[in-house]
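Descriptive analysis of the structure
Each chain, written out:
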Amino acid sequence: MKKHIAVVSGDGIGPDIIREALKVLSAVGAKFAHTFTTSEYEAGGIALDHTGIPLPEETLKGCQESDSVLLGAVGGPKWDTLPSHLRPEKALLGLRGGMGLFCNLRPAILYKQLADACPLKKEIVGEGLDLMVVRELTGGIYFGERGRDENSAYDTMAYTVGEIERIVRKAFEIAQKRSGRLCSVDKANILNTSQLWREVVGRVQGDYPNVQVSHLYVDNAAMQLVRNPRQFDVIVTENMFGDILSDEASQITGSIGMLPSASLREDSFGMYEPIHGSAPDIAGKDLANPIATILSVAMMLRYSFGLATEADAIESAVSKVLDKGYRTADIYTEGMKKVGTSEMGSLIAQSL
Ligand code: IPM
Ligand code: MG
């Protein structure tokens, strides 16, 4: 197979972790006889510094013309005081919105090797955790009408039936392939958009009779995630609730440095990125955990290229390296072997 990947390293630790992910990608290519070519594009703070805007047209175009996109992270304190249309985060929204990537998959898996890094009690976590947050990514308050003057500001959350239905259907399909349990999270006791959301879930449910559906208000869901996370399998929710709950879910799996994500549209095209941020405090210091980005490459192979065996190979290489006791600083516990970003990437690539 021949595929061309647009690579957007971004800011902070972005280049550190992308370097390792590309090591693993080329090891997979060599092992399974695929040709993966890449082109680098700038977005975020680095693009601001070079071009004056966070998402240059050339970047969006390059990404759109590729077979899929691999992204590191954007943002940093250097650009934090800029007005919102110039902030590096706008690049991320521009890529998601510009390419129509409405379906964000954020698996949260507690690796058994990292059980000690989980902040919850053993009796709560039991045999481990494996849940999937399905987040709507191109609508809601992130993309609604907004404004501000000196004394006031507003953001609007708006959804159409079509926007809700397409993400909800994706979630039903995923739930069907997993445990058959789907929890839809909203704030239907307050928000019009949530009431519409609930109605759509209720209607779509008819097409998936073997999926058992529950509904939770987002405040309750946040509480249940730490009280009893094992009640969840697939969670589907709107953009901002999904942003918040996926960070929470990641923390109960030990480290945000471990979790990948896929942002998809109806066809197989997607953008893949770790769910963590740019961690400017540790950028360039060989300290970042590259595993979330490496696992994002695995998701790319699985979802965009249909290469399930290759994706499995990456995931089991990660597992093997953890089995051998190698840990980056964020997941380090006593008695383990501490390694830097680059060694972790090389170990996983070799383990393939
Ligand atoms: C995420 C991030 C982004 C978001 C930020 C950086 C715009 O937190 O991918 O979860 O809020 O979506
Ligand atoms: Mg977030």
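Thresholds, definitions, all that
Positions within a chain are numbered from 1, following the residues in the order the chain's sequence is written. Throughout, the order in which chains and ligands are written sets their labels, letters from A for the former and numbers from 1 for the latter. Thresholds applied to this predicted model are a pLDDT of at least 70 for local features of residues and 80 or more for the giving and counting of side-chain atom pairs; totals over whole chains, interfaces and linings are not thresholded and use all residues. Hydrogens and water molecules were not included; the side-chain quantities draw on all heavy atoms of the structure. Strand pairing is defined by DSSP finding a minimum of two bridges between the two strands. Only DSSP runs of H or I with at least four residues qualify as helices, and only runs of E with at least two residues qualify as strands; both kinds are numbered from the N terminus onward. With axes taken as lines fitted to C-alpha atoms, and helix axes fitted only over the stretch in contact, angles between N-to-C directions fall between 0 and 180 degrees. Residue contacts are defined here by distance: any two heavy atoms, one from each residue, within 4.5 Å place the two residues in contact. Residues are counted as near a molecule or strand when any one of their heavy atoms sits within 4 Å of it. Throughout this description, a polar contact denotes any pair of N or O atoms lying within 3.5 Å of each other; where both atoms belong to protein, one of them has to be capable of donating a hydrogen while the other can accept it, and for residues adjacent in sequence the pair is counted only when both atoms sit in side chains. Under the convention used here, a 1.4 Å probe and the Shrake-Rupley method define accessible areas, while residue burial counts only the protein chains that appear. Under this grouping Gly is polar, as are all residues other than the nonpolar Ala, Val, Leu, Ile, Met, Phe, Trp, Tyr, Cys and Pro and the charged Asp, Glu, Lys and Arg. In this description, a nonpolar core means a group of buried Ala, Val, Leu, Ile, Met, Phe, Trp, Tyr and Cys residues linked to one another through side-chain atoms lying within 4.5 Å. Accessible area is worked out with a 1.4 Å probe on protein chains only. A residue is then buried under 20% of its type maximum, exposed over 50%, and partly exposed in between. Those domain boundaries reflect an automatic or database domain assignment. Multiplying 1.5 Å by the residue count of a helix minus one yields the expected span of that helix. Buried area is calculated as the accessible area (1.4 Å probe) missing from two parts once they are joined, with the contributions of both summed. One side-chain nitrogen of Lys or Arg within 4 Å of one carboxyl oxygen of Asp or Glu is enough to make a salt bridge. Any pair of Phe, Tyr and Trp rings, taking the six-membered ring for Trp, is counted once the centres come within 6.5 Å. Such a pair is stacked with planes under 30 degrees apart, edge-to-face with planes over 60 apart, and tilted for the rest. We count a charge as sitting over a ring when the NZ of a lysine or the CZ of an arginine lies within 6 Å of the ring centre and within 35 degrees of the ring normal.

1. Concerning the sheet that holds strand β8 (residues 181-186)
Pairing in this open sheet of 10 strands is mixed, and the strands run β2-β1-β3-β12-β11-β4-β5-β10-β8-β9 from one edge to the other. Pairing within the sheet leaves two strands with one partner each, and these edge strands are β2 (35-40) and β9 (212-217). The average angle at which neighbouring strand axes cross in this sheet is 25°, direction not considered. Bridge count between β8 and strand β10 (residues 234-237): four bridges; the pairing is parallel. Residue pairing for β10: Ser184 is matched across the bridge by Val236. Packed onto the sheet, helix α6 (residues 161-177) meets β4 (103-109), β5 (130-136), β8, β9 and β10 and runs at close to 165° relative to β5.

2. Comments concerning the site of ligand 1
What surrounds ligand 1 is the set Glu89, Leu92, Arg96, Arg106, Arg135, Tyr142 and Asp243. Residue Arg106 places a side-chain N or O atom 2.8 Å away from an oxygen atom belonging to ligand 1. Alone, ligand 1 offers 320 Å² of accessible surface; in the complex the protein occludes 76% of this. With three residues, helix α4 (residues 89-98) is the single largest residue contributor to the shell around ligand 1. Partitioning the shell around ligand 1 into residue classes produces two nonpolar, no polar and five charged.

3. Some remarks on the nonpolar core
Core analysis: the largest hydrophobic core is formed by 86 residues, its most contacted members being Leu105, Val134, Phe172, Ile291, Leu301, Ile314 and Ile348. Ranked by residues supplied to this core, first place goes to helix α10 (residues 291-304) with eight residues. For this core, the two domains that each supply at least three residues are domain 1 (1-118 + 266-352) and domain 2 (123-252). In terms of nonpolar packing, the next biggest core, distinct from the first, is built from 16 residues, Leu55, Val74, Met99 and Met271 among them.

4. Some details on α10
Between its terminal C-alpha atoms α10 stretches 19 Å, which fits the 20 Å expected from 14 residues at 1.5 Å a residue. Counting buried positions along α10 gives 12 out of 14 residues, so the element sits mostly inside the fold. Looking at α10, one finds that the buried residues are Ile291, Ala292, Thr293, Ile294, Leu295, Ser296, Val297, Ala298, Met299, Met300, Leu301 and Ser304. Gly306 sits one or two positions beyond α10 and adopts a positive phi of about 65°.

5. Some words on the domain arrangement of the chain
In terms of domain boundaries, the chain breaks down into domain 1 (1-118 + 266-352) and domain 2 (123-252). By the criterion of area lost to domain 2, the three top residues of domain 1 are Phe102, Arg106 and Ala108, representing 32% of everything that side buries. There are one salt bridge connecting domain 1 and domain 2. With a shortest N-O distance of 3.8 Å, Glu266 and Lys170 are connected by a salt bridge. Across the domain 1-domain 2 interface, the total number found is six residue pairs in polar contact (both at pLDDT 80 or more). Residue contributions to the side of domain 1 that touches domain 2 peak at seven residues, all from β4. When the residues that make up the side of domain 1 that touches domain 2 are grouped by side-chain class, the tally is 12 nonpolar, three polar and three charged.

6. What to know about unusual backbone geometry
Phi at Ala279 is positive, roughly 35°, even though this residue is not glycine. Within the secondary structure, Ala279 is located in the loop between β12 (270-274) and α10. Exposure remark for Ala279: the relative accessible area of 26% places this residue in the partly exposed category. Residues other than glycine seldom take positive phi values, yet Asp286 does so here, at roughly 60°. Looking at where Asp286 falls in the secondary structure, it is placed in the loop between β12 and α10.

7. Re the packing of aromatic side chains
Counting across every chain of the model gives three aromatic pairs. With a centroid separation of 6.2 Å and 15° between ring planes, the pair formed by Phe36 and Phe305 is classed as stacked. One end of the pair, Phe36, is in strand β2; the other, Phe305, is in the loop between α10 and α11 (308-323), with 269 residues separating them in the sequence. Given a relative accessible area of 14%, Phe36 falls into the buried group. The buried category is assigned to Phe305, whose relative accessible area is 7%. The ring of Tyr142 has Arg135 sitting right over it, with the charged end atom 5.2 Å from the ring centre.

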